[in-house]
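Residues per chain, in single letters:
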Amino acid sequence: MRMLAMEPAPIAEVPPMFGAGIYAIYYVGDHELYRPIADGCRTPIYVGKAVYPGGRKGLATCEEDEAPLWARIKEHRASLEHAGDVAVEDFRVRYLVAVDFFVSLAEQLMIRQFRPVWNTVVDGFGNHAPGGKRSNQARPPWDELHPGRPWSVPERMPEASKQSADQSREFIRSHWVQQGLVAD
């Protein structure tokens, strides 16, 4: 895939762009939990897509001035900025503007190939702030592990995730072993 040949950019420095697309986020810092993938942007920590409004239901309309890919990457940057135990400067991203029908397929293939830990083990990084009727749901496991997003604090989402931060840490360590990134 052409995107994987691109030079990763700091997630905080992605320039505005128009269109839908796919992206992969990489970790390059020294957080103990993510050291096994802080290896020069070979293994993404998260893979995602951004489509036009209505795209998930096949009702997408393409306006020239819409920028769903850029907006989605900005959302992730904000999540990283709010997390108290990781630094946004330690994240890189590769992205590709693409036609809608390619985007979902590419995302699925990349998740299957790389098994990114925030897609497969610790759910919730890609969540949007829940609407008023959903604010009473449990905080996502990602927010238990990396607290700080304003919409997921206990005052707004009082119910804790069924997966504690300690459980997530263990699941991540097991994932690294299964992926052959660390010895058992």
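See the structure above.
Everything in this summary refers to the structure shown in the same document. (Residues numbered from 1 in each chain as written. Predicted model: local features only at pLDDT ≥ 70, side-chain atom pairs only at ≥ 80, totals over all residues. Heavy atoms only, no water.)

### As for the side chain of Gln163
- Position of Gln163 relative to the elements: it lies in the loop between helix H4 (141-145) and helix H5 (165-178).
- The exposure class of Gln163 is buried, given its relative accessible area of 16%.
- Reaching out from Gln163, the side chain makes a polar contact with the backbone oxygen of Val121 at a distance of 3.3 Å. (Helix = DSSP H or I, 4+ residues; strand = E, 2+ residues; numbered from the N terminus. Buried < 20%, exposed > 50% of the residue type's maximum accessible area, 1.4 Å probe, protein only. Polar contact = N/O pair within 3.5 Å; in protein donor to acceptor, adjacent residues only side chain to side chain.)

### Regarding the sheet that holds strand E3 (residues 46-50)
- If you trace the four strands from one edge of the open sheet to the other, you get E1-E4-E2-E3, paired in antiparallel fashion. On the outer flanks of this sheet lie strand E1 (9-10) and E3, each paired with one strand and no other.
- Pairing of E1 with strand E4 (residues 91-97) involves two bridges; the strand directions are antiparallel. Bridging across to E4, Ala9 finds its partner in Val93.
- The strands touched by helix H1 (residues 68-82) within the sheet are strand E2 (21-27), E3 and E4, with E2 carrying the most contacts at an inclination of about 25 degrees.
- Of the strands in this sheet, E2, E3 and E4 touch helix H2 (residues 100-114), which is tilted by about 175 degrees from E3. (Pairing = 2+ DSSP bridges. Contact = heavy atoms within 4.5 Å. Axes fitted to C-alpha atoms, helices over the stretch in contact; angles between N-to-C directions.)

### Observations concerning the packing of aromatic side chains
- Tallied over the entire structure, the rule returns nine aromatic pairs.
- On the numbers, 5.0 Å between centres and 75 degrees between planes, the contact of Tyr46 with Phe125 is edge-to-face. Of this pair, Tyr46 sits in strand E3 while Phe125 sits in the loop between helix H3 (117-120) and H4, and the two are 79 residues apart along the sequence.
- Arranged with centres 4.7 Å apart and planes meeting at 40 degrees, the rings of Trp118 and Phe125 form a pair that is tilted.
- In this arrangement the basic side chain of Lys74 is found over the ring face of Trp70, its NZ or CZ atom lying 4.3 Å from the centre.
- Looking at Arg94, its charged tip hangs above the ring of Tyr26, at a distance of 4.9 Å from the centre. (Phe/Tyr/Trp six-rings, centres within 6.5 Å; stacked < 30°, edge-to-face > 60°. Lys NZ or Arg CZ within 6 Å of the ring centre and 35° of its normal.)

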